[in-house]
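Results of the structural survey
Below are the chains, spelled out letter by letter.
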Amino acid sequence: MADDGVNTKVEAVSKATTETIELRTEDGGVFDVDKPVAMEFLILKSFYEDEGRVFDKTSIRLPNVKQLELSKVIEYCTRALEFGAKSAAAAGDKDAERMVRQEREGFEAEFVDELSNEMLKELILAVNFLDIKEMLDFLIRSVANRIRNRSVAYVRQFFDIENDFTPQEEDQIHQENAWAFEGVDAD
Amino acid sequence: MDNRGDFLQLLGRDMSTKILNHLDDPSDVVRACSVSRSWHRFVIENGLSKQLCLKIFPEISNVAHIIEVNNMIEPAKISSDDSAEWERLKRDHRVYAFLTRGLTPFMRGDCISEPISASSTDNYPGESIQNTLEPRDRVEDRASYWSSKGESDPSVPETLIYKLVANFCVVTEIHVQPFQAYFQYGFPIYSSKAVRFRMGYPRRPLRFDEDKRDALLAAHEWMDDEFIWTYTSPEFPMAQENCLQKFKLPEPVLCIGGILQVKLLGRVQRQEMDGLYYICVSHVQVVGRSLLLPFDIQVLDPSGLCALIYQPKTVCCKSSTQSSVTEASMPSHFRALTERLMQLLRSRAVVANRV
């Protein structure tokens, strides 16, 4: 077995085996990730494609990602790939397509519900770093959903933002568009 | 790690813009603008309020140019520094937010509220016009569509009449999906040859009890003059295809009175079993916007004369900046509509003091 730092050329792997790639987070977590899932992380994909080689049992360190986030990311991407396959299989059958869509929506709603505001923010930063387009879109939509129809105080708390307006300035802003500050959801 | 105030910088302009662009209510954008100084700056600098307005009302892109020119006419001082530009951006932010709010109490969407009548129905209630409100052609294991009665003469037309969500709607498109009988041999599609639309208001107020309502939904020969039609569309050919066919009106039409008629002209499909021609529709959708104009329509007598009841309660905005939004900054489109409405009503409306 070649040691770290030495790249080994490997013969083409048969489709039957699922390659895994080892990912290490900055806080010491170690994950064995299925290659198809790992390839959703464009930051890894370009690395592989650039190198032009197939690696076996390589370990990659992810400096900006922590364990908790990575496990969530892997969970989402694995399910996303599954839904993708189910969707493809259901293509043409409107009822089956609808069922897959509903299943996916159910999963996504639950996934996001379980995330604290803090976690949601950390995930966005991690996913942005890993460059996972689909998941990023999903998280962005989820953040927007959390702001939608919420009071200013709630948004400040969610993003952990200090109110740096003077009371007079705030008053003026409120007056300019008073209609916008009515009818928000209770905090 | 202290992220305070830096979330937007942390994620970068593109990502933050993406998040805030997902907000589709101008109130949300205005509130985002009042979170903190950096958010205030971000929302205004990136013109998020304007972007949202143009997203919902692409028609306004034609007039956006005019608004900007008006705003740039500053009395006397033409400086090249930041502050003039900043004032313009702030004004844009306020005006576009207000505009979006004023023009969209309801988002652009399906304007159908309920069906009123079908000229005929083969099997009521299983094949009732009510089914055309449901976009799917199948609900669980039951098919969802309206079917006319069969005719041996393919030139016999059918009409479907709907009530819209408000007395005043601006309609831009109407979508119709004919029904494909997936349970019949050969999967025939019971479309019509062509379709035409009319909009108007009823001569007599529509008030019915349960029985009368059922009768109308099942089969009713409307005499043409039970409604006053203020608009008749051109004829659109319909394809014999199982898809949601979109018929874009030559220009947006103001429906006064909230009644829409779909006339299905010419039958193309015979049912093998009985050799008769049928028309079946799976879904009807009316795309447009309802307007919160402070008017209500009242039909005065069977001849069709109506009055507009003007109710000048505050409709959309209590803000003190109402005065700063002048006639010039309302999109010319909206003004043209209001003018057309006035013209129309002048020809039919009754002066308030007429006995």
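Residues numbered from 1 in each chain as written. Chains lettered and ligands numbered in written order. Predicted model: local features only at pLDDT ≥ 70, side-chain atom pairs only at ≥ 80, totals over all residues. Heavy atoms only, no water.

**Notes on the overall build of chain B**
Along chain B, the regular secondary structure elements total eight helices and 17 strands. For chain B, the residues scored as buried account for 48% of the 355 residues in total. Taking all contacts inside chain B whose residues are at least 6 apart in sequence as the whole, residues at least 24 apart take part in 78%. Accessible surface, chain B as shown: approximately 17,600 Å² in total, 52% of it carbon and sulfur. (Helix = DSSP H or I, 4+ residues; strand = E, 2+ residues; numbered from the N terminus. Buried < 20%, exposed > 50% of the residue type's maximum accessible area, 1.4 Å probe, protein only. Contact = heavy atoms within 4.5 Å. Areas by Shrake-Rupley, 256 points an atom, 1.4 Å probe, with all protein chains shown as cover.)

**A short note on the interface of chain A and chain B**
On the side of chain B, 38 residues touch chain A, which itself brings 38 residues to the contact. Buried surface at the junction of chain A and chain B, summed over both partners, amounts to about 3,500 Å²; 62% is from carbon and sulfur atoms. Across the contact surface, chain A and chain B share two salt bridges. The residue Arg 37 of chain B makes a salt bridge to Glu 169 of chain A at a minimum N-O spacing of 2.6 Å. Inspection of the chain A/chain B interface yields seven residue pairs in polar contact (both at pLDDT 80 or more). (Buried area = accessible area lost by both parts, 1.4 Å probe. Salt bridge = Lys/Arg side-chain N within 4 Å of Asp/Glu carboxyl O. Polar contact = N/O pair within 3.5 Å; in protein donor to acceptor, adjacent residues only side chain to side chain.)

**Examining the packing of aromatic side chains**
Residue and element names in this part refer to chain B. One pass over the full model with this rule turns up 16 aromatic pairs over all chains. Ring geometry for Phe 179 versus Tyr 182: centroids 6.1 Å apart, planes at 70°, classification edge-to-face. The ring of Trp 86 has Arg 41 sitting right over it, with the charged end atom 4.4 Å from the ring centre. (Phe/Tyr/Trp six-rings, centres within 6.5 Å; stacked < 30°, edge-to-face > 60°. Lys NZ or Arg CZ within 6 Å of the ring centre and 35° of its normal.)

**Some details on the confidence of the model for chain A**
All names here are of chain A. Residues with a pLDDT of 70 or more make up 83% of chain A, whose mean pLDDT is 79. Taken element by element, the predicted model of chain A shows its lowest mean pLDDT in helix H2 (residues 42-51) (73) and its highest in helix H3 (residues 67-90) (91). The model gives residues 1-16 a pLDDT under 50, and that stretch makes eight contacts with residues more than four places away or in other chains. (pLDDT = per-residue confidence, 0-100.)

**Focus on helix H7 (residues 210-218) of chain B**
Turning to H7 of chain B, its buried residues are Leu 216, Leu 217 and Ala 218 of chain B. At its buried positions, H7 of chain B is contacted by strand E2 (112-118) of chain B.

**Some thoughts on the sheet that holds strand E3 (residues 59-62) of chain A**
All names here are of chain A. Here we have three strands laid out as an open sheet, ordered E2-E1-E3, and mixed in their pairing. Looking at which strands have only one partner, the edges of the open sheet turn out to be strand E2 (30-34) and E3. Neighbouring strand axes in the sheet, compared pairwise and without regard to direction, differ in orientation by 30° on average. Across five bridges, strand E1 (residues 20-25) lies against E2 in antiparallel orientation. Paired with Ile 21 across the two strands is Val 33, which belongs to E2. Packing against the sheet, H3 makes contact with E1, E2 and E3, and its axis sits at approximately 15° to E2. (Pairing = 2+ DSSP bridges. Axes fitted to C-alpha atoms, helices over the stretch in contact; angles between N-to-C directions.)

**Comments concerning the nonpolar core**
Inside soluble globular proteins, nonpolar side chains tend to come together where they are buried. With 78 residues, the main nonpolar core has Leu 23, Phe 41, Leu 70, Val 73 and Met 135 of chain A together with Leu 20 and Trp 39 of chain B as its most contacted residues. What Val 73 of chain A contacts, discounting residues up to four positions off in sequence, is Phe 41, Leu 123, Val 127, Leu 130, Ile 132 and Met 135 of chain A. The next biggest cluster of nonpolar side chains, apart from the first, holds 31 residues, and it includes Val 171, Val 176, Val 195 and Met 238 of chain B. (Core = buried A, V, L, I, M, F, W, Y, C linked by side-chain atoms within 4.5 Å.)

**So, the packing of helix H6 (residues 133-147) of chain A against helix H7 (residues 152-159) of chain A**
Residue and element names in this part refer to chain A. Running from N to C, H6 and H7 point in directions that differ by 140°, and their axes come no closer than 10 Å. Between H6 and H7, the interaxial angle falls into the category oblique. For the pair formed by H6 and H7, the contact residues are Val 143, Arg 146 and Ile 147 on the first element and Tyr 154, Val 155, Phe 158 and Phe 159 on the second. Taken together, the residues of the contact of H6 with H7 break down into six nonpolar, no polar and one charged. (Parallel < 35°, antiparallel > 145°, perpendicular 65-115°, else oblique. Nonpolar A, V, L, I, M, F, W, Y, C, P; charged D, E, K, R; others polar.)

**Observations concerning the environment of Cys 306 of chain B**
Summarising the element assignment, Cys 306 of chain B is placed in strand E17 (residues 306-310). With relative accessibility at 1%, the residue Cys 306 of chain B sits in the buried group.

**Describing the pattern of salt bridges**
All names here are of chain A. Scanning all chains against the criterion turns up 19 salt bridges over all chains. The partner of Lys 72 in a salt bridge is Glu 75, and the shortest N-O contact between them spans 3.5 Å. Taken together, the residues span about one helical turn, with Lys 72 and Glu 75 both in helix H3 at a distance of three residues. The residue Asp 137 makes a salt bridge to Lys 133 at a minimum N-O spacing of 3.0 Å. Of this pair, Asp 137 and Lys 133 are both found in helix H6, four residues apart, which corresponds to roughly one turn of the helix. Since its relative accessible area comes to 58%, Lys 133 is described here as exposed. Salt bridges here are not isolated pairs; linked through shared partners, they connect Lys 72, Glu 75 and Glu 114.

**Quick look at the packing of H3 of chain A against helix H5 (residues 117-130) of chain A**
Residues and elements named next belong to chain A. Orientation of H3 relative to H5, taken along the N-to-C sense of each, is 70°, at an axis distance of 10 Å. The pairing of H3 with H5 is recorded here as roughly perpendicular in orientation. Here H3 contributes Leu 68, Glu 69, Leu 70, Lys 72 and Val 73 to the contact with H5, which in turn contributes Met 119, Glu 122, Leu 123, Ala 126, Val 127 and Leu 130. Classifying every residue of the contact of H3 with H5 by side-chain character gives eight nonpolar, no polar and three charged.

**A word on the side chain of Ser 36 of chain B**
Along the chain, the position of Ser 36 of chain B falls in the loop between helix H2 (26-33) and helix H3 (37-45). Among residues more than four places away in sequence, those in contact with Ser 36 of chain B are Ile 161, Glu 162, Asp 164 and Phe 165 of chain A.

**What to know about unusual backbone geometry**
Residues Tyr 124 of chain B and Pro 125 of chain B are joined by a peptide bond in cis, for which omega reads 0°. We note that Asp 131 of chain A has phi near 60°; this positive angle belongs to a residue other than glycine. The topology assignment puts Asp 131 of chain A in the loop between H5 and H6. Notably, Phe 187 of chain B is not glycine yet its phi reads approximately 45°, a positive angle. Checked against the element boundaries, Phe 187 of chain B lands in the loop between strand E7 (168-178) and strand E8 (192-202).

**Some thoughts on the confidence of the model for chain B**
Residue and element names in this part refer to chain B. Looking at chain B as a whole, its pLDDT mean stands at 77, while 72% of the residues score no less than 70. Overall, residues 1-5 carries pLDDT values under 50, and its contacts beyond four positions in sequence, including any with other chains, amount to nine contacts. Low pLDDT, under 50, characterises residues 68-80; the predicted model gives this stretch nine contacts beyond four residues in sequence or across chains. Reported for the predicted complex are a pTM of 0.50 and an ipTM of 0.72.

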